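# Remarks on the overall topology
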Amino acid sequence: VMGSLPEGQRQALECAYFEGMSHSEIAEKTGQPLGTVKTRIRSAMEVLKKVLS
Amino acid sequence: LSNGEHIRLEELELYALGALPENEAAALEAHVAGCDECAAGLAQARAAAALLAFSVNQERSAGTVKAELMGRVRANLEAENRPAWPAKVGAARADGAVARPRAQTGGNWWNWALVAAAVLLALMSFGLSWQNRRITAELAKQRKAAESMIHDREQIEKLVSTLAAPDTVTVKLAGTENAANASGTVKFNAKSGVVLYSADLPALPPGKSYQMWLVPANGAPISAGLLGPGGQAWGNLWTAQVPENVQAKAFAVTIEPVGGLAQPSGPKVLLGAI
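In what follows, the accompanying structure is described. Computed from a predicted model, the values in this text were never measured in an experiment.

Reading the values: rules and limits
- Residues numbered from 1 in each chain as written.
- Chains lettered and ligands numbered in written order.
- Predicted model: local features only at pLDDT ≥ 70, side-chain atom pairs only at ≥ 80, totals over all residues.
- Heavy atoms only, no water.
- Helix = DSSP H or I, 4+ residues; strand = E, 2+ residues; numbered from the N terminus.
- Buried < 20%, exposed > 50% of the residue type's maximum accessible area, 1.4 Å probe, protein only.
- Pairing = 2+ DSSP bridges.
- Axes fitted to C-alpha atoms, helices over the stretch in contact; angles between N-to-C directions.
- Core = buried A, V, L, I, M, F, W, Y, C linked by side-chain atoms within 4.5 Å.
- Contact = heavy atoms within 4.5 Å.
- Buried area = accessible area lost by both parts, 1.4 Å probe.
- Salt bridge = Lys/Arg side-chain N within 4 Å of Asp/Glu carboxyl O.
- Nonpolar A, V, L, I, M, F, W, Y, C, P; charged D, E, K, R; others polar.
- Phe/Tyr/Trp six-rings, centres within 6.5 Å; stacked < 30°, edge-to-face > 60°.

## Some remarks on the environment of B:S161
Residues and elements named next belong to chain B. Tracing the chain through its elements places S161 in helix α6 (residues 102-164). Here S161 falls in the partly exposed class, since its relative accessible area comes to 41%. Each C-alpha atom of the pair S161 and N189 lies 9.9 Å from the other, and the pair is 28 residues apart in sequence.

Next up, the structure:
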């Protein structure tokens, strides 16, 4: 399921959930603004909830 | 962090994913502790986060992973000398108190539950043991009563068969000069040695008893029981067992000391010849 997510969303979610990084750390790692990171994670969670639940 | 009054959903999700910095996480926890709506939102976010574990291909870990992981946990515990629970849980309490680990609380609860269960089992065991003893005693009593009834039935059947047997003789007893108005009847079966009799006799002085005697064709009289205490009665009938196959020529009743004697010594009150 993770593989079906857009690259940005997948990367943000992996960093948060599987690597235990905070959103600011993810923003720093990916070079994206904090708001973008949050939005990507939010969107990714929505997709996963629909697919998995 | 919040959109006025409540925490935004993405913040709750970030928290559920563990992606909020500690200071933001603490603020969120403080708010959630007093806000049912945000608490419900957090529960949903946690449920969604839990699904993430199933979003990747499931692969079996190497056999050593668990051992290594547990080894690290043990090493950390020993280094910190405290039970394991997430640091965030302790820091999360708004009142500053450190939450007690569930395992410890649960352990105490289980200990008390086990003690209570042990006491309950001991009481039940004692109760069952007592009940078992009571039932065993009652069973023994019933068994004894049943044996007594079986014995009585056998005796009655024997008496009935004796009365009905063609070789049973009936002997009429008449009162002697010692008891002119007395009378009696004897049923005797020589083959089985059963003697059955009834009598109409005057009252006895204290310390005395009537005793039935079989007078054989040859030899000394044989006791055929007492007509009173010590004798065997079925209602108004008395019965006794004498040696089998004795040829009787008469029956007699004498007055003897209570309990009877081996040979007659007192006055005859009834006499009847076969």
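Additional details are given in the paragraphs that follow.
## A few points about the sheet that holds strand β3 (residues 194-200) of chain B
Residue and element names in this part refer to chain B. As summarised here, the arrangement of the 9 strands in space is β5-β4-β8-β9-β1-β2-β3-β7-β6, forming an open sheet in which the pairing is antiparallel. Looking along the sheet, the strands with just one partner apiece sit at the ends: β5 (222-226) and β6 (232-234). Looking at each pair of strands side by side, their axes are set apart by 25° on average, direction ignored. By the bridge criterion, 5 bridges tie strand β8 (residues 248-257) to strand β9 (residues 268-273) in an arrangement that is antiparallel. Across the sheet, the residue bridging to T254 is K268, located in β9.

## Details of the pairing of strand β1 (residues 169-175) of chain B
Two faces belong to every sheet, and in a regular strand the side chains alternate between them. Residues and elements named next belong to chain B. Relative to strand β2 (residues 183-189), β1 runs antiparallel, the two being bridged by 6 bridges. For A174, the partnering residue across the bridge sits in β2 and is S183. Across 2 bridges, β1 lies against β9 in antiparallel orientation. Bridge pairing in β9 links G175 to L270.

## A few points about the pairing of strand β4 (residues 208-216) of chain B
Residue and element names in this part refer to chain B. Here β4 lies mainly inside the structure; 8 of its 9 residues are buried. With 9 bridges joining them, β4 and β8 adopt antiparallel strand pairing. When the bridges of β8 are listed, S209 appears paired with E256. Of the pairings in the sheet, the one linking β4 to β5 comprises 3 bridges and is antiparallel in character. Residue pairing across strands places Q211 opposite L226, the latter belonging to β5. Taking the residues between adjacent antiparallel strands as the criterion, β4 and β5 are bridged by 5 residues, where G219 takes a positive phi near 100°.

## A short note on the nonpolar core
Judged by nonpolar contacts, the single largest core of 31 residues is most densely connected at A:L13, A:I26, A:I41, A:M45 and B:L17. At the level of elements, α1 (7-18), α2 (23-30) and α3 (34-52) of chain A together with α1 (9-17), α2 (22-33) and α3 (36-51) of chain B are the ones that each hand at least two residues to this core. Discounting residues that sit within four places of it in the chain, B:L17 has contacts with A:L13, A:A16, A:Y17, A:I41, A:M45, B:A49 and B:L52. B:V171, B:A179, B:F188 and B:A240 belong to the second-largest nonpolar core, a separate cluster that totals 23 residues.

## Quick look at the interface of chain A and chain B
Across the contact, 19 residues belong to chain A and 20 residues belong to chain B. Both sides of the chain A and chain B interface together cover about 1700 Å² of buried area, and 71% of this is carbon and sulfur. Summed over the three residues of chain A that lose the most area to chain B, namely A:Y17, A:H23 and A:M45, the buried surface amounts to 32% of that side. Along the contact surface separating chain A from chain B lie 2 salt bridges. B:E11 is the salt-bridge partner of A:K38, the closest N and O atoms lying 2.8 Å from each other. Looking at the side of chain A that touches chain B, the elements that each hand over two or more residues are α1, α2 and α3 of chain A. Among the residues forming the side of chain A that touches chain B, the class breakdown is 11 nonpolar, 4 polar and 4 charged.

## Let's talk about the pattern of salt bridges
Counted under the stated rule, the structure contains 9 salt bridges over all chains. One continuous salt-bridge network, built from bridges that share partners, spans A:K38, B:R8, B:E10 and B:E11.

## What about the packing of aromatic side chains?
Within a pair of aromatic rings, the relevant descriptors are the distance that separates the centres and the angle that separates the planes. Residues and elements named next belong to chain B. Evaluation of the coordinates by the stated rule reveals 1 aromatic pair over all chains. Aromatic pair F188 and F251: ring centres 5.3 Å apart, planes at 65°, arrangement edge-to-face. You can see F188 sitting in strand β2 and its partner F251 sitting in strand β8, a full 63 residues away along the chain. Judged by its relative accessible area of 3%, F188 falls in the buried class.

Functional significance is not addressed by these values, which are geometric in nature.
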